[in-house]
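Coordinate analysis (summary)
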Amino acid sequence: MKVTTTLSSAAALSLVAGLALPLAPAAAADAAHISEIAYTLATDFIEVAADPGTDISGWTFGSVTRGGSVQAQENTVTVPEDTTVGDSGAVAIDVSITNSVKAGSAADGEYGSSAFVIDDDGELVDFQQIGGVVDGKGVTGTKNTFTPAPVIGQEAEPTGATAASGQSIQLTGDAWKSAAPTPNALPDGDGGDDGDDGETPEGVTPISDIQGTGDASPIQGKTVTTRGVVTAAYPEGGLNGYYIQTPGSGGADRADGAASDGIFVYSPDTVADISIDDHVEVTGTVSEHYGQTQISVSASGLKKVDEPAEAVKPVEDAFPAGDEKRESLEGMLLQPSESLTVADNYNTNTYGEVVLATGEGTLDQPTDVHRPGTPEAKALEAENLDREVVLDDGATVNFLKADKDIPLPYLSKEDPVRVGAQANFTSPVVLGFDHEKWRFQPTTRLTGDNAEAVQPTYFTDTRTDAPEAVGGQVSLASFNVLNYFTTTGDQLDGCQYYDDREGNHITVRGGCDARGAANAESLKRQETKIVTAINKLDASVVSLMEIENSAAFGKDRDDALSTLVKRLNEAAGTQKWDFVDSPAAVPTDEDVIRTALIYQPAEVAPQNESTILDDQDAFSNAREPLSQAFAPKDGTGEIEKDKTFVTISNHFKSKGTGSGPGNEDSGDGQGASNADRVKQSEALVGFAGDQQEATNSDLVYLLGDFNSYTQEDPMQVFYEAGYKDIAAEKTDESTYVYGSRTGSLDHVLALDASDEADGAGTGATAFDSVTGADVWNINSVESLALEYSRFNYNVSDLFAPDQFRASDHDPVVVGLFDSSDEGGDDDAGADAGDDADADGSNDHPGGKNAGKNGGKNGNHWGSRDGDHPGGKNAGKNGNFSSNGR
């Protein structure tokens, strides 16, 4: 212990923790009180301020934990005899302080080590909590072996301040702040080191003091006057304010952990009166608004400052992960020095937001990578949350409800914003915080009209015109056709609609059994995208999900399927496609959407009849699997029956709703109805075994939307039965994006078991027969604004008759059978690969990216907002909330 005994002479001063002692004295306060707490240094101390000459012999200095008790004997110190306060008006006592603190509302009454001082009469002199909320509930002293009696039952006063690394918290005026330690000396008379070279005018509080170093301002609720340079202004769009920053602050040399020098000024009354680069003085009340510190300023609270101000410099560095480091930059001008990755664009056409991820790649869906509920899955989600930041548009507008005649920000036909693409910053942004998310705000509201001047980023174009070559004699693929209904809403009674900005019906919202387009015009737009995508996919056999079950409308069950094949052939200019007929026996109670199989007769030939698994127990809430065996054709058109393979098309129950044991959402990331999906997996394994036996072939492939991420329980059933997930084994790509998390709900599974005595005669398993695989990222990574269902929702015309955003799931394509075995060649596949390379396949988004680019809760709820036009299962979409703005 180091104690200053008589501090009347500078020559006799004792140094605490090896720190140089400031020589300039300052007046002590009227009553003894704690004036400084140091707990981030090699040696901790508590400083008390009192009149010079005050005898503090026998006083007790100590700290309690966030639970209110003194943890150990070393956490209290009794001051030796003949210890008095010197001329500086302060004395510092070394004492170990439990380093367990947190600031902000989460600390209110729960967290924060606290320092106390007790005089020699046993009276509690002062009890101050590190962090917490000013004027909030403090830590209460708790009885234990080492807690002094005067502390027990007493409530500490929260300082609202926490110390940056190597600093202490100090009482300056009536507010605590983090600063370089000054043991045995009080701050100077004008408020201490305020970061502006001592030139802050009297009565002006530096922005850094208002911000503090915690997650909330230490002076909430107080009226302050501060000065700064305007760095960003938002007179339109709903933010109704501007950011100001301390003159000369920022730049590359800014100290880590320092209090922020920027702050948001909420002032509808004055925002139109200022311009960027103005030097202003504002007076208003400090508060926290959705987690962001701000000053609310009335019309009389703004004053232009005539004296020149040193220019603000953007902080140029890699944007950090984690709240603590970002907090020190809140409200400041930034120029991120490294590319960030687009993690989500779902809300771009709603709120003008693009979710970005720091570090490498997108944000993996935890249950796509790790088993649900494991420490590894939880750690990955925590890492995801630390990596997220939202690129915003400087507005709070919901474009689905307002400002439909203002072009959407970031989105255009020429420059796509795709998940997995890189965002590169070309001009500074301001770091804000709102609705639980850190946000990059452009320096003024961004729209499609002013993008050239205002947009702070550009995005790499990662599109490809075709899938990567997968080789093989034939190929398989899965494709979700997003509620393709040829029975349009206007053909039925009672339908309700999602309308465009002019009131025209676009898609069915509810009220009838149709789920797709509202009318022929809308269906044409949907068909064009689906047809383009499937023809460019060019697989030998394609499993379709979410196609109309026309029997539900009194038509032939295959009516919509027949129409789609007709449109495919019209676009191809030849009879390229055919479909698998429905079997004679179908389940009695089917959904209005179904699975289907289409194929190219020039490449494969159906073997035997199709079969549907009629299991009402397992599939009462899902689509029954459809099976069809095919045999490939050689180069002369001969059917190679020894290579007969079985395909089964699937669409399991979604994650949004569930009833019965095991079907509640347990919170482990698997969503609702997990038990039912496990039951469906088990039934499918049995059905596949029956088809394997019926065709005398071990070449069995399960395709479709299993509504289960790769490591979830339903998928384990397949792995245990001998199936392998081809895309997971052979690519680093994923098929779906939900809640800014990337993973695969769509799979092609291959049986990895063979019995040559009964089998196909090739000797190879279904998995061994795979020559390559690709996930063609044309749907999930594209903005929702490009869907046919969003046609004319905004004045920006984003519809294009191409394959991009034909659906919300990406197709998986798999090659089968090495063509060299039968004397063929891979020219077609090679040409497709060359075309893909020419269009940038080397930069394929999420494609072949190491580390597998991956809803915070992992739930797939079809459409994800209550206003999804033409979205899946419109009645089940209430579980997703955007940011509530």
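Residues numbered from 1 in each chain as written. Predicted model: local features only at pLDDT ≥ 70, side-chain atom pairs only at ≥ 80, totals over all residues. Heavy atoms only, no water.

The next point concerns a negative patch on the surface. Together, Asp55, Glu81, Asp82, Asp120, Asp121 and Glu123 make up a region of like negative charge exposed at the surface. Of note, Glu81 is situated in the loop between strand S4 (76–78) and strand S5 (90–94). On the accessibility criterion, Glu81 (60% relative accessible area) is exposed. (Patch = residues over 30% accessible without salt bridge, like charges linked within 9 Å, V, L, I, M, F, W, Y side chains within 5 Å. Areas by Shrake-Rupley, 256 points an atom, 1.4 Å probe, with all protein chains shown as cover. Salt bridge = Lys/Arg side-chain N within 4 Å of Asp/Glu carboxyl O. Lys, Arg positive; Asp, Glu negative; His and termini not counted. Charge placed at Lys NZ, Arg CZ, Asp CG, Glu CD. Helix = DSSP H or I, 4+ residues; strand = E, 2+ residues; numbered from the N terminus. Buried < 20%, exposed > 50% of the residue type's maximum accessible area, 1.4 Å probe, protein only.)

Once that is clear, we can look at unusual backbone geometry. Positive phi values are uncommon outside glycine, yet Asp135 reaches one of about 70°. Backbone geometry at Asn707 places phi at a positive 50°, although glycine is not the residue there. Classification of Asn707 as buried rests on a relative accessible area of 1%.

Looking now at helix H9 (residues 674–695). Compared with the 32 Å implied by 1.5 Å per residue over 22 residues, the 31 Å span of H9 between its first and last C-alpha is a close match. Among the residues making up H9, those that are buried are Asn674, Asp676, Arg677, Val678, Gln680, Ser681, Ala683, Leu684, Phe687, Ala688, Gln691 and Thr695. Considering only its buried residues, H9 is in contact with strand S32 (604–612), strand S33 (623–632), strand S34 (645–651), strand S35 (700–705), helix H10 (713–720) and strand S36 (723–725). Phi for Asn696, located one or two positions after H9, is positive at around 55°. (Expected span 1.5 Å × (residues − 1). Contact = heavy atoms within 4.5 Å.)

Averaged over every residue, the pLDDT of the protein is 86; the share at 70 or more is 85%. Across residues 103–109, where pLDDT falls below 50, the model places 20 contacts with residues more than four positions away in sequence or in other chains. (pLDDT = per-residue confidence, 0-100.)

A word on the sheet that holds S35. Ordered by their spatial adjacency, 6 strands build an open sheet running S32-S33-S34-S35-S39-S36, and the pairing between neighbours is mixed. Every other strand in the sheet has two partners, leaving S32 and S36 as the edge strands with one partner each. In this sheet, adjacent strand axes meet at a mean angle of 25° when their direction is disregarded. Here 6 bridges tie S32 to S33, and the two strands are oriented antiparallel to one another. Bridge pairing in S33 places Pro606 opposite Phe630. Against the sheet, H9 touches S32, S33, S34, S35, S36 and strand S39 (746–751), its axis set at about 155° to S34. (Pairing = 2+ DSSP bridges. Axes fitted to C-alpha atoms, helices over the stretch in contact; angles between N-to-C directions.)

We now examine the environment of Glu327. Along the chain, Glu327 turns up in helix H2 (residues 323–327). With relative accessibility at 10%, the residue Glu327 sits in the buried group. Sequence separation between Glu327 and Asp215 is 112 residues, and the spatial gap between their C-alpha atoms is 6.4 Å. Apart from residues lying up to four places away in sequence, Glu327 is in contact with Gly214, Asp215, Ser260 and Trp438.

The subject of this paragraph is the pattern of salt bridges. Taken as a whole, this structure holds 33 salt bridges when the rule is applied. The shortest N-O distance in the salt bridge between Glu353 and Arg439 comes to 3.0 Å. With Glu353 in the loop between helix H3 (348–351) and strand S20 (354–357) and Arg439 in strand S24 (residues 437–441), this residue pair connects regions lying 86 residues apart in the sequence. Classification of Arg439 by relative accessible area gives buried; the value is 1%. Of the charged contacts, one joins Asp392 and Arg439 as a salt bridge, the two residues approaching to 3.0 Å between their closest N and O atoms.

On to the pairing of S33. Of all the 10 residues making up S33, 10 are buried; the element is thus mostly covered by neighbouring parts of the structure. In this sheet, S34 lies alongside S33 in antiparallel orientation, the contact comprising 6 bridges. Within S34, the position partnered with Leu626 by the bridge is Ser649.

Moving on to the environment of Thr563. As for its placement among the helices and strands, Thr563 is situated in helix H8 (residues 559–572). Judged by relative accessible area, Thr563 falls into the buried class, the value being 19%. C-alpha separation for the pair Thr563 and Thr486, spaced 77 residues apart in sequence, amounts to 7.7 Å. With sequence-adjacent residues up to four places away left out, Thr563 is seen in contact with Tyr484, Thr486 and Glu527.

We now examine the pairing of S24. Along S24, 5 of the 5 residues are buried, which leaves the element largely enclosed by surrounding structure. The side-chain alternation of S24 yields two buried faces, one formed by Lys437, Arg439 and Gln441 and the other by Trp438 and Phe440. Relative to S24, strand S23 (residues 429–434) is paired through 5 bridges, and the arrangement is antiparallel. Bridge pairing in S24 places Phe433 opposite Trp438. In textbook terms, the turn of a hairpin is the stretch between consecutive antiparallel strands, and for S23 and S24 this stretch comprises 2 residues, one of which, His435, has a positive phi near 50°.

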